[in-house]
Amino acid sequence: LSALSRTCRSLRVNALPLLYRTICVMWKHKAGAVTYTVDNRVYKALAKELVEKLEIVTIREPCLANYVRALHISLTSFAAAGVFKELARALQLLPNLEIFEVLSCLVGDSTTLTSAFSQVIIPSVRSLSLCCSAHAIFHVFPNV
């Protein structure tokens, strides 16, 4: 879809909404692995990818924000205060966001998450899935 959206203007009109309909930034371990470890490199990569994708749809190309319907993410402790504030800011700029999932929250303390979302309300979300450590932001989504 990305290549199609760059090919020509007529394809861009149809491909861009599909390309940005769902944003996924998740940690996945390899299938069949007996044990797995998550280290700071993985935390940093997830945080960086999340911030980049949110900046694309809210700052660099704000017209793309209207296309985003679902956000599936993993949160980590890497630069947590800044990443959580960016997430809270960006969620407010996604007017058609209907599905929000925090599939894993690799953060020890939810205080940073709670403070980043203290003044945020996201009424557009209708379907919400939060892992245990992210339940502190449940109040942000009044229409769930």
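> Describe the sheet that holds strand S2 (residues 70-76), naming the residues involved and giving the relevant values.
Pairing within the open sheet is parallel, and its 4 strands lie in the order S1-S2-S3-S4. In this open sheet, the two edge strands, each paired with only one partner strand, are strand S1 (22-25) and strand S4 (127-130). Taken over all neighbouring pairs, the strand axes of this sheet differ in orientation by 10° on average, direction set aside. Pairing of strand S3 (residues 99-106) with S4, which is carried by 4 bridges, proceeds in the parallel orientation. Within the sheet, the bridge partner assigned to Phe100 lies in S4 and is Leu128.

> So, the pattern of salt bridges: which residues are in play, and what are the values?
Evaluated as defined, the whole model comprises 3 salt bridges. The residue Glu49 makes a salt bridge to Lys53 at a minimum N-O spacing of 3.2 Å. A residue pair is termed a helical-turn pair when its members lie 3 or 4 positions apart in one helix, as Glu49 and Lys53 do in helix H3 (residues 40-60) at 4 residues. Across the pair Glu55 and Arg60 runs a salt bridge whose closest N-O atoms are separated by 3.7 Å.

> Could you give me a rundown of unusual backbone geometry, with the residues and numbers involved?
Even without a glycine there, the phi angle at Ala79 is positive, about 50°. Structurally, Ala79 is set in the loop between S2 and helix H4 (80-91). Residue class for Ala79 comes out partly exposed when judged on its relative accessible area of 45%.

> With reference to specific residues and values, describe the nonpolar core.
The biggest cluster of nonpolar side chains holds 42 residues, and the ones touching the most others in it are Phe100 and Phe117. Put simply, the parts of the chain that give this core at least two residues each are S1, H3, S2, H4, S3, helix H5 (111-116) and S4. Sorting elements by how many residues they give to this core places H4 first, with 7 residues. Not counting residues up to four positions away in its chain, the partners in contact with Phe100 are Leu71, Ile73, Leu87, Leu91, Val125, Ser127, Leu128, Ser129, Leu130, Ile137 and Phe141.

> Just give me the short version of the side chain of Glu86, but keep the residues and values in it.
Structurally, the position occupied by Glu86 is in helix H4. Given a relative accessible area of 13%, Glu86 falls into the buried group. A polar side-chain atom of Glu86 sits 2.6 Å from a polar atom in the side chain of Arg89. Beyond its immediate chain neighbours, meaning those up to four positions away, Glu86 contacts Val51, Leu54, Glu55 and Thr58.

> Before we move on, could you go through the side chain of Thr76 and cite the residues and values that matter?
Residue position: Thr76 is located in strand S2. A polar contact of 3.3 Å, which involves the side chain of Thr76, links it to the backbone oxygen of Tyr43. Polar side-chain contacts of Thr76 include one of 3.4 Å to the backbone nitrogen of Phe78. Not counting residues within four places of it along the chain, the set of residues in contact with Thr76 comprises Tyr43, Leu46, Ala47, Phe84, Leu106 and Val107.

> Tell me about the environment of Ser104, residues and numbers included.
With respect to the helices and strands, the residue Ser104 is situated in strand S3. Remark: the alpha-carbon pair of Ser104 and His72, spanning 32 residues in sequence, is separated by 9.7 Å. Looking at Ser104, its side chain comes within polar contact range of the side chain of Ser74, at 2.9 Å.

> Now, about the pairing of S1: what can you tell me, with residues and values included?
Of the two faces of S1, the one lined by Ile23 and Val25 is fully buried and the one lined by Thr22 and Cys24 carries no buried residue. For S1 and S2, the ladder comprises 4 bridges, and the chain directions are parallel. Paired with Cys24 across the strands is His72, a residue of S2.

Criteria and thresholds
Residues numbered from 1 in each chain as written. Predicted model: local features only at pLDDT ≥ 70, side-chain atom pairs only at ≥ 80, totals over all residues. Heavy atoms only, no water. Pairing = 2+ DSSP bridges. Helix = DSSP H or I, 4+ residues; strand = E, 2+ residues; numbered from the N terminus. Axes fitted to C-alpha atoms, helices over the stretch in contact; angles between N-to-C directions. Salt bridge = Lys/Arg side-chain N within 4 Å of Asp/Glu carboxyl O. Buried < 20%, exposed > 50% of the residue type's maximum accessible area, 1.4 Å probe, protein only. Core = buried A, V, L, I, M, F, W, Y, C linked by side-chain atoms within 4.5 Å. Contact = heavy atoms within 4.5 Å. Polar contact = N/O pair within 3.5 Å; in protein donor to acceptor, adjacent residues only side chain to side chain.

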